[in-house]
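# Topology and contacts: notes
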2 protein chains.
Amino acid sequence: MRDTRAELLSQAETLVRGRGYAGFSYADLAEAVGIRKASIHHHFPTKVDLGAALVAAYADRYDAALATIRIDVPDGPGRIAAYGQLYLGGVEQGLGCLCAALAIEGEALPERLRGDIAAFFEGHLAWLEAVLRAGQADGSVRAGQEPAVLARYVIATLEGALLMERLFASPAAFSGTLAVLVEGLRA
Amino acid sequence: MRDTRAELLSQAETLVRGRGYAGFSYADLAEAVGIRKASIHHHFPTKVDLGAALVAAYADRYDAALATIRIDVPDGPGRIAAYGQLYLGGVEQGLGCLCAALAIEGEALPERLRGDIAAFFEGHLAWLEAVLRAGQADGSVRAGQEPAVLARYVIATLEGALLMERLFASPAAFSGTLAVLVEGLRA
DNA sequence: TATTGCCTACCATTAAGTAGGTAGATCTTT
DNA sequence: AAAGATCTACCTACTTAATGGTAGGCAATA
């Protein structure tokens with residue numbers, strides 16, 4: 001079984017992260033995968049189905065990475081730094097965040113996808129909040145601010161840095177922002 | 001007399017900030033303004049012309065606000081806080097940053113627009129760098145980090161917060177992130 | 001035999017953009 | 001000031017290409 005479905009998901013992700021959800025078509029995807037346009041509908045009946053599958057796969061990959069970081073890295077700032085490294089790959093490849101690309105379309109986005117990306121961000125927020133709370137408890141993260149508030153601040157900084165530094169094709173600048181962020185969180 | 005053109009720019013800005021550049025059409029804009037689709041071409045021959053005019057008008061409005069902040073607010077952190085307030089309006093209205101909406105489309109975006117939005121961000125970066133450098137000189141902003149690096153960090157945090165908090169329709173959360181950002185910059 | 005995966009050939013709709021025209025304002029020339 | 005010419009802002013009525021999606025067929029597989 002040569003996995004066309006997986007190839008479709010992979011290429012579609014690249015397209016959405018590179019040009020936005022409204023900015024790519026089934027024709028583009030068909031050409032990228034080397035299949036006919038109508039055949040995509042066999043795997044993903046509608047574009048919304050494809051979008052939802054894309055977000056699910058993306059979220060799963062992140063979830064796995066997040067779990068690994070929690071095991072491999074012991075301290076709060078180190079975990080945030082490792083989390084930030086996940087975004088760096090996007091800058092290097094010239095690809096934005098999938099969920100940011102979808103979020104930008106706001107009201108034009110199908111309701112179902114809006115819920116999916118909200119859940120994506122909420123998952124990250126919950127993970128960051130737990131990491132920051134643990135960091136404050138073990139003294140590695142500076143105290144005095146609500147972990148929930150800090151979590152939003154962290155994800156905002158990284159999403160924004162990815163958005164801007166992709167435009168400037170500057171992984172170095174992204175790393176600079178990540179360093180400022182992590183240093184500021186140190187106790 | 002120039003009323004229609006201004007109305008077109010205003011409505012088009014709302015559409016782009018609400019649904020992205022690829023996510024709105026001349027038909028949408030025509031309906032919003034109450035004019036025929038073909039008449040838009042009289043004012044803006046192509047969609048790229050409209051996009052460029054949009055960015056120019058948006059940048060001009062920001063430039064005026066930036067100049068005012070420099071006059072009205074004396075200290076570094078206060079100026080950054082006032083700068084952040086400019087973004088808050090977008091969260092409250094459910095509108096993202098125009099240039100973020102364009103930046104997301106990346107490679108699919110007409111070359112000309114890409115240059116325009118890069119210039120937009122570079123202008124903000126230069127203003128922030130000058131503000132932060134002056135703040136470090138007068139002791140209101142914490143020293144030890146390059147103003148240019150801090151400037152990128154500031155704009156990333158605010159762009160990211162606008163992106164995410166618009167999705168959650170949470171001006172309060174945006175303000176929380178802004179507060180963390182500004183406190184971290186204090187000397 | 002039934003299902004899977006892909007195909008060709010279509011469909012209705014919408015996209016940006018064009019052609020050409022009209023009513024009214026404004027400028028130019030006498 | 002009158003007459004004509006030109007310009008502005010909009011219109012209806014297209015074109016061409018692309019959009020997401022459908023119908024039905026066919027060969028390989030389970």
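None of these values were measured; they are calculated from a predicted model. (Residues numbered from 1 in each chain as written. Chains lettered and ligands numbered in written order. Predicted model: local features only at pLDDT ≥ 70, side-chain atom pairs only at ≥ 80, totals over all residues. Heavy atoms only, no water.)

The next subject is the pattern of salt bridges. As enumerated under the stated definition, the model contains 16 salt bridges over all chains in all. As a salt-bridge pair, Arg-114 of chain A and Glu-111 of chain A come within 3.5 Å of each other at their nearest N and O atoms. With a gap of three residues between them, Arg-114 of chain A and Glu-111 of chain A both fall in helix H7 (residues 111-137), about one helical turn apart. Judged by relative accessible area, Arg-114 of chain A falls into the partly exposed class, the value being 28%. One salt bridge in this structure joins Arg-133 of chain B and Glu-129 of chain B, with 3.4 Å as the shortest N-O distance. A residue pair is termed a helical-turn pair when its members lie 3 or 4 positions apart in one helix, as Arg-133 of chain B and Glu-129 of chain B do in helix H7 (residues 111-137) at four residues. (Salt bridge = Lys/Arg side-chain N within 4 Å of Asp/Glu carboxyl O. Helix = DSSP H or I, 4+ residues; strand = E, 2+ residues; numbered from the N terminus. Buried < 20%, exposed > 50% of the residue type's maximum accessible area, 1.4 Å probe, protein only.)

Turning to the interface of chain B and chain A, a few remarks are in order. Taken together, the contact pairs 42 residues of chain B with 43 residues of chain A. Note on chain B versus chain A: buried area summed over both sides is about 3,500 Å², and carbon and sulfur give 73% of it. There are two salt bridges connecting chain B and chain A. Sorting the residues of the side of chain B that touches chain A by element identifies helix H1 (3-19), helix H6 (98-104), H7, helix H8 (147-167) and helix H9 (171-185) of chain B as the ones contributing at least two each. (Contact = heavy atoms within 4.5 Å. Buried area = accessible area lost by both parts, 1.4 Å probe.)

Residue and element names in this part refer to chain B. As a packed pair, helix H5 (residues 76-93) and H7 sit with axes 8 Å apart at the nearest point and diverge in direction by 155°. Between H5 and H7, the interaxial angle falls into the category roughly antiparallel. Facing Gly-76, Arg-79, Ile-80, Tyr-83 and Tyr-87 of H5, the residues of H7 in contact are His-124, Trp-127, Leu-128, Val-131, Leu-132 and Gly-135. Split by residue class, the contact of H5 with H7 holds seven nonpolar, three polar and one charged. (Axes fitted to C-alpha atoms, helices over the stretch in contact; angles between N-to-C directions. Parallel < 35°, antiparallel > 145°, perpendicular 65-115°, else oblique. Nonpolar A, V, L, I, M, F, W, Y, C, P; charged D, E, K, R; others polar.)

From the geometry alone we can't say anything about function, so treat these as descriptive.
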